[in-house]
Structures are given as C-alpha cells and as structure tokens.
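# Report on the structure
Take a look at the letters that make up each chain.
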Amino acid sequence: MNAEEIMKRLMEGNSRFVRGESKKYDFVAIRKELVAGQHPIVTVLTCSDSRVAPEYIFDVNLGEIFKIETAGNVVDSVALGSIEYGVDHLHTPVLMILGHTQCGAVTACCKAAPGEAAHGNLGEIMKRIEPAAVKKKRDVNASIEENLFCVKDCILSNSGILKKMHEEKKLKIILAKYLLETGEVKVLG
Ligand SMILES: [Zn+2]
C-alpha cells in the first residue's frame, strides 16, 4: 500500500469507529499469523493519554500500527530511535504525529506559572512543549496544534535518516488531531 492508500484505510477505519461500527477482528487468528513477523502499515507517534488508542481510533487489527506514545507526543532520542525503527526498518511509508484535544501535557505547560519547576522528570516533557505554548501565547487549543508542527520540526532536525527519507519523498509525515469529544481524527497537514 502506498501512503495515499494507507491514509484512506485509516480514515475509513476512523469513520467506522465514530459511527460505532468497528469491525470484529479474529484476534486469535491474527495473533498466530503475526508470530512470524510484523509488517505494520503506519508508524504513529501519539500521546500516552489512555483515551487515545490508535488501534481503536482507526479500527485496525493487531500488527498494523507501530506506535510510540509519550506524554504530549514529544520526542527524545529514544523515541526518535523507535520512530526510525518503524520507518526505516519496518518500512512504513507514513509517519503520523497524532495529538488530541484536552491534552493534559500541553494544558499543564500552558498553565504553568513562569519559571515554575515541574515535578520530577516531567520538566523534560514541559521543556519540549514550551516553544509551542510560547508561540501560541499559552492558548491550549492552538498550542496543541502548534506542538504537532514543532514535533515534526524536531524529528526532522534530529534524525538524519528520517530527514533524508522525507526529502526523497519515501516518507510522508501526517499531522493529525484526535477529537476526544466525537472520536474523529482531523488531518492538519
Ligand atoms: Zn495528551
């Protein structure tokens, strides 16, 4: 499947999910089939939020989504390595960066008082969301979308492998927002 066909499949799955008409998959059969190896169609970088579950949202089977989940869908070198594995080793032609409405991580960053230190290691996450929050004057909804563009820039500036594949049009990067309120996925670019 090429990038266009993959996006069509994902968006059709999303509309089934929205309508409450998700497919009934035979997990026992597919689990056995996948023992031999995985061939996911898409790499998805999304938020750790328990309400955002890509397989359900896109109504796909086991083995179809290679995913990386971090609070605020931000990346560090470990997350980047995982994305490179999905794209370069497992050959998914699409990388989707999927944010969502009501994102707690982005909200926390927007609402933090200037200079306020985050608890424990959460500061590492806040630091990565901060540029989007600053650019959008701490408006939560606008920052959620801006953060997707910042994460894409961060990926392309820090991964030579992904940058090259993107430039050579071997990799399509899709920015999308999941609407918790309706179940819809809105593609931003
Ligand atoms: Zn979130």
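Before going into details, it helps to say that this report is about the structure given with it.

### Examining the overall build of the protein chain
Each helix and strand in the protein chain was counted, giving 8 helices and 5 strands. In the protein chain, the succession of α and β elements from N to C terminus is α-α-β-α-β-α-β-α-α-α-α-β-β. The globule rule puts the C-alpha radius of gyration for 189 residues at 16 Å, and the 17 Å found for the protein chain is close to it. By its C-alpha atoms, the protein chain is 55 × 40 × 30 Å across when sized along the principal axes. Scored against the burial criterion, the 189 residues of the protein chain give a buried share of 43%. Here the contacts in the protein chain between residues at least 6 apart in sequence split such that 70% fall between residues at least 24 apart. Entry remark: accessible area of the protein chain is about 10,200 Å², with carbon and sulfur atoms responsible for 54%.

### Points about the coordination of the zinc ion
For the zinc ion, every protein donor is listed as Cys-47 (SG), His-100 (NE2) and Cys-103 (SG), and the spread of their distances is 2.0 to 2.3 Å. Coordination of the zinc ion draws on donor residues from a single chain, spaced C-x52-H-x2-C in sequence.

### Quick word on helix α5 (residues 104–111)
Of the positions making up α5, those classed as buried are Ala-105, Val-106, Cys-109 and Cys-110. Axial view of α5: buried residues confined to an arc of 130°, hence all on one face. Residues of α5 that are buried sit in contact with α6 (122–135) and α7 (140–158).

### Observations concerning the pattern of salt bridges
One pass over the full model with this rule turns up 15 salt bridges. In this structure, Glu-21 engages Arg-19 in a salt bridge whose closest nitrogen and oxygen atoms are separated by 2.8 Å. Between Lys-163 and Glu-167 there is a salt bridge, with its nearest N and O atoms 3.0 Å apart. Of this pair, Lys-163 and Glu-167 both sit in helix α8 (residues 160–167), separated by 4 residues, roughly a single helical turn. Exposure remark for Lys-163: the relative accessible area of 39% places this residue in the partly exposed category. One network of salt bridges, with partners in common, ties together Glu-124, Lys-127 and Arg-128.

Thresholds, definitions, all that
- Residues numbered from 1 in each chain as written.
- Predicted model: local features only at pLDDT ≥ 70, side-chain atom pairs only at ≥ 80, totals over all residues.
- Heavy atoms only, no water.
- Helix = DSSP H or I, 4+ residues; strand = E, 2+ residues; numbered from the N terminus.
- Rg over C-alpha atoms; globule rule 2.2 N^0.38 Å.
- Buried < 20%, exposed > 50% of the residue type's maximum accessible area, 1.4 Å probe, protein only.
- Contact = heavy atoms within 4.5 Å.
- Areas by Shrake-Rupley, 256 points an atom, 1.4 Å probe, with all protein chains shown as cover.
- Donors = N, O, S within 2.8 Å, 3.2 Å for Na, K, Ca; no water.
- Arc of directions from axis to C-beta.
- Salt bridge = Lys/Arg side-chain N within 4 Å of Asp/Glu carboxyl O.

It is worth stressing that arrangement in space is one thing and function is another; only the former is reported here.
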